[in-house]
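Each chain, written out:
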Amino acid sequence: MASAAASRAMAQSFPFKPNQRYPDPAVEILDPAFAKYRLYSSTLEQVATGMRWAEGPVYFPEGGYLLFSDIPNNRIMKYSEKDGSLSVFRSSANFANGNTRDRQGRLVTCEHSVTRRITRTEKNGKITVLADGFEGKRLNAPNDIVVKSDDTIWFTDPVFGIAGEWEGFKAKREQDNTNVFRIGTDGKLTAVITDLVNPNGLAFSPDEKKLYVVEWKGTPNRSIWSYDVNPDGTVGNKTKLIDAADQGSLDGFRVDRDGNLWCGWGSNGALQSEPVETGGRKVYQLKGRPEDLDGVMVFSPQGRPLGFIRLPERCENLTFGGPKNNRLYMASCHSIYALYVEAHGAT
């Protein structure tokens, strides 16, 4: 209780009242194919609150807990399924953003600012640096990360952590591009994608023949690009899979065993071209209403919208967890929400 209260003191906490009816109206079916993934008697839950910007959730089945970043507060948080407690796992976390587990069950983290590096936390707590520069220059601000079954590590490197003072400290950019990198099992760092403007979330298809990457800027709307993954670790055949034409924010996402993409969603902040009269002032309003966009969009492997999970806050990132790998944890601004579904995260 004390640790939970201390963590909430650093940011706003929001009350949440679960829906008492089944099925929960927060889970919307956009295509009949999504009906089989909705659990009729499962309700959206708020399991933690009190963060400033929750990101990078990763589940550890051995301990039954979720780790996630609270970027502006410069800490990694821990939510325990066993007793529902929320505590600080690591403070002064170099503004950690994305997190994942490697195949040996170790935490791998994108340190988003200050150090601007990829680290691995060993089982004894020691921190090993896996990458902090490319071609003699510092990385930008590692953002999201995934480990392939061959133990190679793939991560995105946009500039968000050094572009201002909110998600870290403003700093000079040294890389010419905002790349997607691959760390080989020999430790060699390779830029596998160099033409995306601020790549963000990334994930592999269940068979790892496709790599999906969010492009935050560079196209009219935020997009997810699909690439063929070659045996030598290169990628090719770039194809746009998803276009957030509804002004969706498209941030982090995960893939289930059937190849569906579960995507964090919300307003991208784009403004209308002309102001409207509001309270005696001319105000430029958003193109997309956050209350209509905040949540999780689910797409088929072909990019067809299947379902939407409506949340009271924008969802930045998510992961599958729980003892059966069918509990969807959604990192959403100030809170963590959870929903049991009839889908399982791809491993």
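Preceding this section is the structure that the text describes.
All figures in this text were calculated on a predicted structure; none of them were measured in a lab.

Trainee: I'd like a rundown of the overall build of the protein, residues and numbers included.
Mentor: Helices and strands together make up the secondary structure of the protein, namely 2 helices and 27 strands. The C-alpha atoms of the protein give a radius of gyration of 19 Å, which matches the 20 Å a tight globule of 347 residues would have. With the C-alpha coordinates of the protein rotated into their principal frame, the extents come out at 55 × 50 × 40 Å. Expressed as a percentage of the 347 residues in the protein, the buried residues total 56%. Per element, the accessible surface of the protein, about 15,100 Å² overall, is 49% carbon and sulfur. Of the charged side chains in the protein, 43 are positive and 42 negative, and the gap between their average positions amounts to 2 Å.

Trainee: Tell me about the pairing of strand S7 (residues 107-111), and please be specific about residues and values.
Mentor: Counted residue by residue, S7 has 5 buried out of 5 residues, so it is predominantly covered. Burial of the side chains of S7 extends over both faces: Leu107, Thr109 and Glu111 are buried on one face and Val108 and Cys110 on the other. Here strand S6 (residues 96-101) pairs with S7 via 4 bridges, running antiparallel. The partner of Asn99 across the bridge, within S7, is Thr109. Once S6 ends, the chain turns through 5 residues before running back antiparallel as S7, passing Gly105 with a positive phi of about 80°. Note: S7 against strand S8 (residues 117-121), 5 bridges, orientation antiparallel.

Trainee: An account of the sheet that holds S6 is needed here, citing residue identities and associated values.
Mentor: One open sheet accounts for 4 strands, arranged S6-S7-S8-S9; its pairing is antiparallel. The open sheet has two free edges, formed respectively by S6 and strand S9 (127-131), since each of these has just one partner strand. Neighbour-to-neighbour, the strand axes of the sheet open up by a mean angle of 25°, direction not taken into account.

Trainee: Can you break down unusual backbone geometry residue by residue, with the values?
Mentor: It is generally the case that most residues other than glycine have a negative phi and that most peptide bonds are trans. In this structure, Pro23 follows Tyr22 across a cis peptide bond, with omega equal to -5°. Tracing the backbone through its elements, the reader meets Pro23 in the loop between helix H1 (2-8) and strand S1 (27-29). Despite not being glycine, Asn198 has its phi angle at roughly 55°, a positive value. The residue Asn198 is located in strand S16 (residues 197-204) in this model. For Asn198, a relative accessible area of 9% translates into the label buried. Positive phi outside glycine occurs at Cys333, with the angle close to 60°. By the secondary structure assignment, Cys333 is in strand S27 (residues 327-340).

Trainee: Which residues make up the nonpolar core, and what values go with them?
Mentor: Grouped together as the largest cluster of nonpolar side chains are 20 residues, with contacts concentrated most on Trp262, Val296, Ile309, Leu311 and Met330. Sorting the residues of this core by element identifies strand S24 (295-299), strand S25 (305-310), strand S26 (317-321) and S27 as the ones contributing at least two each. Broken down by element, this core gets its largest block of residues, 4 residues, from S27.

Trainee: Please provide a residue-by-residue account of the environment of Glu122, values included.
Mentor: Among the secondary structure elements, Glu122 is positioned in the loop between S8 and S9. Judged by relative accessible area, which is 15%, Glu122 ranks as buried. For the pair Glu122 and Leu107, spaced 15 residues apart in sequence, the C-alpha to C-alpha distance is 7.4 Å. Excluding residues that lie within four positions of it along the chain, Glu122 makes contacts with Arg106 and Thr128. One polar contact links Glu122 to Arg106, side chain to side chain, over a distance of 3.3 Å. For Glu122, the side chain forms a polar contact with the side chain of Thr128, separated by 2.6 Å.

What counts, and where the lines are drawn
Residues numbered from 1 in each chain as written. Predicted model: local features only at pLDDT ≥ 70, side-chain atom pairs only at ≥ 80, totals over all residues. Heavy atoms only, no water. Helix = DSSP H or I, 4+ residues; strand = E, 2+ residues; numbered from the N terminus. Rg over C-alpha atoms; globule rule 2.2 N^0.38 Å. Buried < 20%, exposed > 50% of the residue type's maximum accessible area, 1.4 Å probe, protein only. Areas by Shrake-Rupley, 256 points an atom, 1.4 Å probe, with all protein chains shown as cover. Lys, Arg positive; Asp, Glu negative; His and termini not counted. Charge placed at Lys NZ, Arg CZ, Asp CG, Glu CD. Pairing = 2+ DSSP bridges. Axes fitted to C-alpha atoms, helices over the stretch in contact; angles between N-to-C directions. Core = buried A, V, L, I, M, F, W, Y, C linked by side-chain atoms within 4.5 Å. Contact = heavy atoms within 4.5 Å. Polar contact = N/O pair within 3.5 Å; in protein donor to acceptor, adjacent residues only side chain to side chain.

Note that all results are geometric; they support no functional claim without further evidence.
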